[in-house]
Each structure stands twice: as structure tokens, then as C-alpha cells.
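# Working through the structure, step by step
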Amino acid sequence: MDRAQIVHENFLTRVANRDFPLGPAPQPGLGKVDAVSLFRSQVLSRALDRASRTMQKEGKGFYTIGSSGHEGMAAVAHALRPTDIAFLHYRDAAFQIARSEQVPGQQIAWDMLLSFACSSDDPTSGGRHKVLGSKALTIPPQTSTIASHLPKAVGAAYALGAARRNDPEHRELPKDGIAMCSFGDASANHSTAQGSINTAGWTSVQSTPLPLLFVCEDNGIGISVKTPNGWIQASMQHRPGIKYFQANGLDIFETYAVTKEAADYVRSRRKPAFLHLTTVRLYGHAGADVPTTYLSKSEVEADEANDPLLHSVRLLDQAGALSPEKALKIYTDTCARTDRIAAEAASRPHLTTAREVMASLIPPSRPCKPTNGPDAKARAAAFGGDLRAMDDPQPMSRLINWALTDLMLEYSEIVCMGEDVGRKGGVYGVTQKLQQRFGADRVIDTLLDEQSILGLAIGMGHNGFVPIPEIQFLAYLHNAEDQIRGEAATLPFFSNGQFTNPMVVRIAGLGYQKGFGGHFHNDNSLAVLRDIPGVIIACPSSGADAARMLRESVRLAREEQRVVVFLEPIALYPMRDLHAAQDGGWMTPYPSPDQRIALGEVGVHGDGTDMAIVTYGNGHYLSHQALPDLQAAGLKTRIIDMRWLAPLPADALLSATEGCKHVLIVDECRRTGSQSEGLMTFFCEERARVPIARVVAEDSFIATGPAYAAPLPSKEDIVAAALNLTGGGK
Amino acid sequence: MTRTAVVICPGRGTYNKPELGYLHRNHANRMDLFHSFDAIRAEHGQDAITDLDGAQRYSVGRYSRGDVASALIYAASLADAQALAGDIEVVAVTGNSMGWYSALAVAGALSAEAGFRVVNTMGTLMQTHLIGGQVVYPFVGADWRNDPTRKAAILAEVARINELPDHVLALSIDLGGMLVLAGNDAGLSAFEATNPVVQDRFPLRLQNHAAFHTYLQASVAAEGQAALERAEFAQPDRPLIDGRGKIWWPGATDARALKEYTLGHQVTEPYDFTRAVQTAARKFAADLFIVTGPGTTLSGAVAQSLVLANWHGMADKAAFQSRQDDQPLLVAMGREDQRALAID
């Protein structure tokens, strides 16, 4: 028989017979009325698990990972406030249900059943996904990759403290709130979880406020792999900076009392705590998982005998709060009620078209208070002697620094964070003096963990900040890429645009550093970013463009709530000359702070029609170097700097290449997976009769030393490819 | 087989000329209950509801008064709820505005007499002070199709008027496809002057109604709390849905909080009847929505609330009527033809 049915019948029989699992008497703290309310939430959670399985069998439901065994989370919710932002484990239906009882007017059973049915009426995801989540309940929707929500929980906790010191215009969370995140014992082993817990401790021991409650729901098994006995306690109870609490998650009285104590500690001390909650897992991992294939029957039955609902009935009876008869009636009434609601929810409409599914990839705009730009006095104080240098041509690194300064002067909600961005001012000096100008609160030296850097940014974005995290080198993004791909980019999608985490991720990258660094400091692959729906990729190639594009990127984040990746070509940071030493050909003056380059606007240099070179970043620089040779060959050439790599600026590219007889794509990234592939496809589809060729990097890693540029496009490659494409010019 | 039902108790304005004699006609066997209410009114020198109900003549001036109408409506609602057929399982109870007091008694959170004391006290206080008034205005057309843009525009107009010097105007009740607005005379008059007449009768000023569910009633709330200090609220026997859509569950209700809501927030903040009905639908999915008597006017708001929620896929009045003809979803006990569906 189906284990869910066995658990159900066990409950009915054992309650009727007053045959309860043993356990300690109810602890004081939880009132009778509240205890009954929690039991109701637990029962509804169980009834929803059962309904989800029925719906799936009938082809009307699409998700069966349940919360059975973890219903003690109702008591955790009760010990917190509904405004405490909660990043939930997927077994936490009872938490969400209990929290809904704290906010008048919720229709939680209906909402969750709509989610099971993937109906477009689902108020959380709009029918895109089964998620726990609710804007009204301060639960951002979360779907797994495993433990990927922990870095942003750390970030959100940090943001709670930061907002006390620097209140952002779009602050979402109350100043006395805390953050909470929950996860399973198996997830606790994930490097993402370990990194987050480490970051929380690292932050805490430095007395930086971090009001975060980790809740580990330890059911002793991850799908089929058992957690060693005592593992969670042994590995978590002595973490520096994090206070450890433990409770029996089968006992709502104990769970409430311990969680209350832990939450009070976190709230009053503004420090992280780790709540270790022991639970059982009933029915296996999900609907299709049969636990008896990897556990003995006796092990399965032992967990079933410890059904937390049976414990609750015993405890409520012992507390004098509810008789077993009334508890049984609540159970049967709730199951019947849930079945009735499920039948109706299953009739609600679904998304049908790609357009409908994609409607929330891009979040809605939000109104922002207008500003008059950075104040002149404040600029003078911040820039000092730099003000006089602004009319003179400068290299890109300095202009980015100035643009950051102006933006941070204008918008107090901008916060920069990254490795070495503060005291050192960045490994290339791009963030020099920013910490002096704006304080350690707004220019944060983080620990060495990219997942934590991006998690900090996501969490701060949740609370109204406009974070500008820095990834020191493009190659360092890859260990943390899921924080953008699986988390930041998906949040509007899964929340139907209700939750957002706007940011501008600055990444120093690409090749051509002369002999320095080798592959990991010259990585030239953007493939990992190119295909993420909704993410904007900006890549400037000159200082003036960088300043103006950075301003647009901040506008996109601040007003349109977008996630922008701002890729800064390292080799162009210090670039001064174009054709010859001391010619200063690649430096530009600082554009005035009101100037921006709009998203999708490409740079067009020249008006030749023999050939259009479409390029970006270092390719743009090299193409300009090649221009005299092309002109000498009689090729009337225009150079188009894409500037915005994603989304592809299609209209602008078509307009910019109008009338050109040939198109040459110059892409410093690899032959495989680079932007050139998309451009080749694009021009083949849109300009089928125009001959097209590309100059790209080889499918190789980058060497250290003299061969640093060997696999990369060169000026000579561009000239040769152009002549080849056009038949040799004149 | 039982029929699951949500019971909905009507508010003020439902005991009119056709309802004169409602108690005697429908509940001759519950005179003891009504006499117990008469005794409470006698303590305050008020006319007996059995006399009022049994009178030969109806007059608006007399029967629309808060101290009269509230008592009669409460008595009729409670008696109707008690008369429901044996195969009806009441899975939740809610009410509109003053009907909240009736709902409290129907759900068992107040005894019949305690509930009567609450409703009589509050109705009398409302009449004694009669602060401000109410006006009704629809935001849906005759087809009942949802028009959130129109609703937002009306509420924006309300906010604009409320900002004018000496004008008070606010949302009082979200009532299906209608908005009940409340304010002082300047606010109400300004609204009436600037909004076109629709459906021949709106904006409709409600006689003898005060600016219920607004801050203007703060003093009434305070007096009510003092007068009803000893009113004993208890655990409801049945789930009770309030004017925010919050459910007060049996066994899980903080009786003190319920009393505070009833005599506080409920009196001075907007009452979202639409949300209450929609919560009833979505959280209980009952077979029937039974609107107790007296009167029939609340049925439209219930049906509109369901249409606005697209309940059973109904998107307009025609869809509702089709469903109703096919398999009645809504039973108005104040209508003789439907009453039979709800009683033995």
C-alpha cells in the first residue's frame, strides 16, 4: 500500500485508540489556543500533501515533494514575525500555512493548491512553478538548486543591519526584522550551505550585525543517503560566531520554545544562530520515490510511528488544549475541505503560450524619487583634485572610478562589495578611494567567496539597495554562477515580478593582459552568462562609454529592477594609446554625469559601406588599430561596437549595418559558445545575402607569458580576414 | 448526503417594508428567543422587537434607525440560521458589516443573548451619534464584469475628495460590485456632485446610516468597548470569517483578540465583504452560500463577489445566472422561493 495511505490510516486508527508515541510532556510557553492553531496548520499541510498526490494521479497536479514529517515547522513560523524574511526549504508548507495565520485575509489552502495545479491564478508564481512563497508573507519563492538560497539569506540579514544605518528608498523589511533560512540535513553538506554558514560566522565574529536564523531540518536522510548519526550537531554546534540551538521538531511545544529563544537571541543580539530541528521524513522524497527500496521496512515504520501529528494530538491532550476526538475531527474536516478546494483549484486556467510564461522574466519598473544629480559641493569634497583632471583624457579605470563616485553620491542606496574593493581599492585600482569617500558600510571588503559576494548582493537587493558586487576576475564567476543563473535571474520569473533583486555585477575579465596572470586572470568565455533569460550584459570598450554605460546600468537596476552584468575588459583599464606610444588615442575625457548610453544603443564609428566590423571590448580596440591598414587597402569600413551583448541589440545592429556589403565579426571570446555564434546566426537570418565572416579566439585556455595572446584575435588577423572576406579590397 | 454551506448574515438596510412581520411569519416557534431579546431592550426602555415586527405599519423613519434595524436584522438572521435543514453542514460563517455581529452568534462565539447585547448596543450608539453617512456606488456594469480600472478610478476620486478642506470621504465597505463610501456630508455631497448617476439610482445615499467602518466612528468604538466590557466572547463552534477575510477557527481563537477586533478595527476600518465571501469560497469550497434573512439585497453582492473571483469559472452575471438555474449555488432565505431550499 502507498505509504501516504498507511500514514493516514495509522493516524485515524491511533488517535481513535488513543495510541500515541511517547514523549515528554508539553513545555510551557505555547498557549492552548496557539497550540491548536499550529495543529490546524500541521493538519492542513498534511492534507495538502495528500491532495497533491491525488491531483498528480488524476493528471491535475504537478508536484509531490511533500512536507509530511516536517510539520513542526509550523511552530518555527509561530515564533517568528510574518515580516521576518524567510527563505524556505521545500518541505516547509507548514511554516507558510502557520505564517498565513499571522496575516489576516490569507487564502493559503487555495493558493497552495493553485500552485500544485500550476494554475495561472497562483498568486505567487502565476502558474510558472510550484513554489512555496508569498509576497504578503515575506517569503520569496524558492525552488532548488540545493542550498542555493542560503547565500542570499546571509545577504538579506546583512541588509537588515545595513538599512538601519543607511535607509534605502525602496526598503522592504522592517528595521527590527530578522532573516530566516531553512534547509535539510543533506543540503547542509552542500558547499553553498557551508560557504554561507562560514560567511555568517566570519561576519559575526567581527561584530557586524547579521540577524539570521539558520534552521536545519534534520530528518536523517537525503533522498536515499543517510546522514551519519550526530553529524549535524557535531559539525554545527561549535561554529564561531553562530549560536547553536537544538529542538525536537516532532514536538510543537518544544520547537516553539526553543525557536523563540533562538529568534530572541538573533533579534536582540543581531547575531546568527543555528537551529537544529530533528524531524522524520514520511512517504519518501517525492511521489515517485519508494523509501522501502533503500530502507528496511522497520526503519520506515519507525519514522511513521513517530508521525509529528500523532505527537501533536498527544501533546494537545496533555496540555488540556484539545481532546483527541476534536483533533480527529479537525483532521477529517480538513482533509474533506482540502479535497473540495482541490477539485476547484484543478479547474483553474494554466499558462499556455511562451509569451505568457515569459511575461515575468523582466520585472516591472518601480517609481524612484527624482534627483538633481550629485551635489556640486559633495562632488568637490569627494573628488578633490580629481575634479581638475576630468577635462583631460583619462584611461578607462579612472573613468569607471569617477562614474562610481558620482553614482554613489547621487544614490545612497548603492553599495559596492567584493574582494579587495575597499581598503585596497581593487586589484586594478578601479574602486580606489571609494571606501574613504563612502565608508566601509557602502564599500564592503568581503571574504574570499564569490557565492557569498553575489548572495550578499541578492539579499541587499531584496531590501531596496542597489548593490554593485564585484567579481575580481571573470574566471572566478564560474564557481558562483548559479547565484545569478539559478537565483538572481529567476526571482522575478518565479514570483511573477513581485520580488526583485536588482544589481549591477561588475566583472573584470577578458584577455590581452600582456604576460600577466595566465588563464584565470584572462578568461575569455561569457557563455555562462549569455543564455540567462532576462540578464543584461554590458561590455564597454572605452572610458567614456564605460562611464555612460555604467550610469545606464545603474538606472536599469534602480528603476527597472534588472540584473545587469557589467563586464570590464581588464586590458583596456590602463590603455592609453591606440596606434603608437604616447598617442593617447584610447583615452577619453570624463563625460558629464547626466550622460548615459541607453540599453541597446550601439556605437558606430565611420560610415563606410564596403564592410562593417561588428565587435566589442578588446575587439573594438583592435579593429580601430586595424583601420589604417584597411583604409590603405581601399576598404571603406565602419566599426560597430555592440556595447550591450545581451539582449542582442538586434534593431540597432540592423540599422548600423544597413547598406554594408560585408560583415566581419570580431570576437575575442572562443569560437565555441561566444557571441560570434549568435551574431553569425543573426546576420544569416536577417541579411542572408551579405557575405559574413568572423575572427574569433581559438577554443583554448589562455597561456601565461609571451604566448598570452596567441589564441586570441590580433590586428593582423582582422586585416587578413577583412581582405579575405572582401576579396582583397582595391 | 449532507450539503456543505457557508452562512452569510446581512447588514443594515435589509429590514424594509416587505420584511415587516418576518419573525412572526417564519419563526413563530422561536418567540422565546425573541422575547429574551425583548427583555434586554426593556432594560433600556426600547421597543420590543416582537412588537416592532408585529406592527401593522412600516415607516422608514422608524425602522431604518440603527437601534431598531440592527436588533430586528440580528434576530431574523440568527433565527434563520437556527432553522437550517438538517442535511446542511455549516462549514463557515460570515457577515456583512452589522451582519458580523450576527455571524458571531451564528458561529457560537457569542451566545444569542450576548450577541444581541452587542448588536443592540452598537446599533443604538450608531443611531445616537449618527456621525456622517454612507453612499453606494457601483464599479461594475449591469453585466457584473470585473472592472478594476474603474474601481481604482473611483477610489482615486474618493482620495481626492478626502484631501479637500473639511471633506471626509473613505471606503467603508467593499461590497461585491459596489463600493460603499462613508464620510461627512461635505465629502458625500462632493462625491454625488462629481460622479454621474448610473443605473438610475446611484450614487445612493443610505438613510439613517452613519459613516460606518471609518475613523469617524472612533468615539463610538470607544463607547462600545466601555459599554460592552463584560460581553463574553468565546471560541466559535464554526469557522468565522471577518471583514478582512481572516478566519477565526474553532479551538484556535483568542477570544480577547476577537472582541478587540469586533469593537475596534471592525468599527473604524474598511470592511471587505468581497474578500470575506471570496475567502469563504476558496477556503471552504462549500456547495451552497446561504444568505440569511431578512431581505434579499445582499445576495447580489455575494454573487458579484463570486464572479469577481471567477469562482466556478463565472465571469459575469449571465454565467452566474446560468449556474444558479442549473444548480443553485446561492440561497437567499429572505426570498420565499429560495428559502425552501434551506429549511426542512
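Residues numbered from 1 in each chain as written. Chains lettered and ligands numbered in written order. Predicted model: local features only at pLDDT ≥ 70, side-chain atom pairs only at ≥ 80, totals over all residues.

### So, the overall build of chain A
Filter applied, for reference: Every helix listed is a DSSP run of H or I at least four residues long, and every strand listed is a run of E at least two residues long, numbered separately from the N terminus. Computation of the radius of gyration draws on C-alpha atoms alone. For the globule rule, the value is 2.2 Å times the number of residues to the power 0.38. The burial label depends on the number of other C-beta atoms within 10 Å of a residue's C-beta. Counts of 20 or more mean buried, 12 or fewer mean exposed, and intermediate counts mean partly exposed, with C-beta atoms placed from the backbone. Any pair of residues counts as being in contact when their C-beta atoms, constructed from backbone geometry, are within 7 Å of one another.
Of the regular secondary structure elements, chain A holds 27 helices and 21 strands. Taken against the 2.2 N^0.38 rule, which gives 27 Å for 730 residues, the C-alpha radius of gyration of chain A at 29 Å falls within 12% of a compact globule. Its C-alpha atoms give chain A principal-axis dimensions of about 100 × 55 × 45 Å. The buried share of chain A, taken over its 730 residues, is 56%. In chain A, once contacts between residues fewer than 6 apart in sequence are set aside, the share between residues at least 24 apart is 79%.

### Quick notes on the sheet that holds strand β8 (residues 243-248) of chain A
All names here are of chain A. Our working rule: In this analysis, strands are considered paired if DSSP registers two or more bridges between them. Geometry is summarised by axes, namely lines fitted to C-alpha atoms with helices restricted to the contacting stretch, and by angles between N-to-C directions that run from 0 to 180 degrees.
What the 5 strands build is an open sheet, ordered β1-β4-β5-β9-β8; its pairing is parallel. The open sheet has two free edges, formed respectively by β1 (85-87) and β8, since each of these has just one partner strand. The average angle at which neighbouring strand axes cross in this sheet is 20°, direction not considered. Judged from the 6 bridges that link them, strand β5 (residues 212-218) and strand β9 (residues 273-278) form a sheet pairing that is parallel. Paired with E217 across the bridge in β9 is L277. Where helix α9 (residues 252-269) meets the sheet, it contacts β5, β8 and β9, and its direction lies at approximately 165° from that of β8.

### Here we look at the interface of chain A and chain B
Here is the rule: Only Asp, Glu, Lys and Arg are considered charged in this grouping, and only Ala, Val, Leu, Ile, Met, Phe, Trp, Tyr, Cys and Pro are considered nonpolar; every other residue, Gly among them, is considered polar.
Contacts between chain A and chain B engage 16 residues on the former and 16 residues on the latter. Of all the elements in the fold, those that place two or more residues in the side of chain A that touches chain B are α2 (32-57), α5 (108-116) and α12 (324-345) of chain A. Sort the elements by how many residues they give to the side of chain A that touches chain B and α12 of chain A lands first, with 5 residues. Looking at the side of chain A that touches chain B, its residues break down into 7 nonpolar, 4 polar and 5 charged.

### Re the pairing of strand β17 (residues 611-615) of chain A
Residues and elements named next belong to chain A. This is how the line gets drawn: Clockwise travel from the first strand over the helix to the second, with the strands pointing away from the viewer, marks a crossover as right-handed.
Here β17 lies mainly inside the structure; 5 of its 5 residues are buried. Of the two faces of β17, the one carrying M611, I613 and T615 and the one carrying A612 and V614 are both buried. Pairing geometry for β17 and strand β18 (residues 637-641), over 5 bridges, is parallel. Looking at β18, one finds that V614 is bridged to I640. Traced from β17 through helix α24 (residues 617-632) to β18, the parallel crossover comes out right-handed. Two strands pair when backbone bridges link them, and β17 and strand β20 (residues 663-670) are joined in this way by 4 bridges, in the parallel orientation. Residue I613 lies in a different strand from β20, and its bridge partner there is L664.

### Some remarks on the sheet that holds strand β21 (residues 692-697) of chain A
Residues and elements named next belong to chain A. Read from one edge to the other, the open sheet built from 5 strands follows the order β16-β18-β17-β20-β21, with strand pairing classed as mixed. The open sheet has two free edges, formed respectively by β16 (603-605) and β21, since each of these has just one partner strand. Taking each pair of neighbouring strands and ignoring which way they run, the sheet shows an average axis angle of 20°. Helix α27 (residues 715-726) contacts β17, β20 and β21 of the sheet and is inclined by roughly 160° relative to β21.

### Comments concerning unusual backbone geometry
Peptide bonds are, in most cases, trans, and in most cases residues other than glycine have a negative phi. The linkage connecting A646 of chain A with the following residue, P647 of chain A, adopts the cis geometry, with an omega of -5°. Take P647 of chain A: it is sitting in the loop between β19 (644-646) and α25 (650-656). Backbone torsion omega between F202 of chain B and P203 of chain B reads 5°, so that peptide bond is classified as cis. The phi dihedral of D420 of chain A falls on the positive side, at around 70°, and the residue is not glycine. Residue position: D420 of chain A is located in the loop between β10 (414-418) and α17 (434-438). A positive phi angle, near 65°, is found at D200 of chain B, a position not held by glycine. Its location among the elements puts D200 of chain B in the loop between α9 (185-194) and β6 (204-206).

### Details of the packing of helix α6 (residues 150-165) of chain A against helix α18 (residues 450-462) of chain A
Residues and elements named next belong to chain A. Operational definition: In these notes the angle categories are as follows: under 35 degrees is roughly parallel, over 145 is roughly antiparallel, 65 to 115 is roughly perpendicular, and the rest is oblique. The handedness criterion is simple: a crossing whose near helix is rotated anticlockwise from the far helix by less than a right angle is left-handed, and one whose near helix is rotated clockwise is right-handed.
Here α6 crosses α18 at 55°, and the two axes come no closer than 6 Å. With respect to each other, α6 and α18 are oriented oblique. Remark: the crossing between α6 and α18 carries right-handed chirality. Seen from α6, the contacting residues are P151, K152, A153, V154, G155, A156, A157, Y158, A159 and A162; seen from α18, they are Q451, S452, L454, G455, L456, A457, I458, G459, M460 and H462. Of the residues belonging to the contact of α6 with α18, the class tally is 13 nonpolar, 6 polar and 1 charged.

### Some points on α5 of chain A
Counting buried residues along α5 of chain A, 9 of its 9 residues qualify, which places the element largely inside the surrounding structure. Packing partners of the buried residues in α5 of chain A comprise α2, α4 (93-100) and α12 of chain A together with α12 (273-284) of chain B. Following α5 of chain A by one or two positions, C118 of chain A adopts a phi angle in the positive range, close to 50°.

### Examining the environment of G230 of chain A
All names here are of chain A. Considering the arrangement of structural elements, one finds G230 in the loop between β7 (225-226) and α8 (231-236). Since 9 C-beta atoms lie within 10 Å of it, G230 is described here as exposed. Separated by 10 residues in the primary sequence, G230 and G220 have C-alpha atoms spaced 9.2 Å apart.

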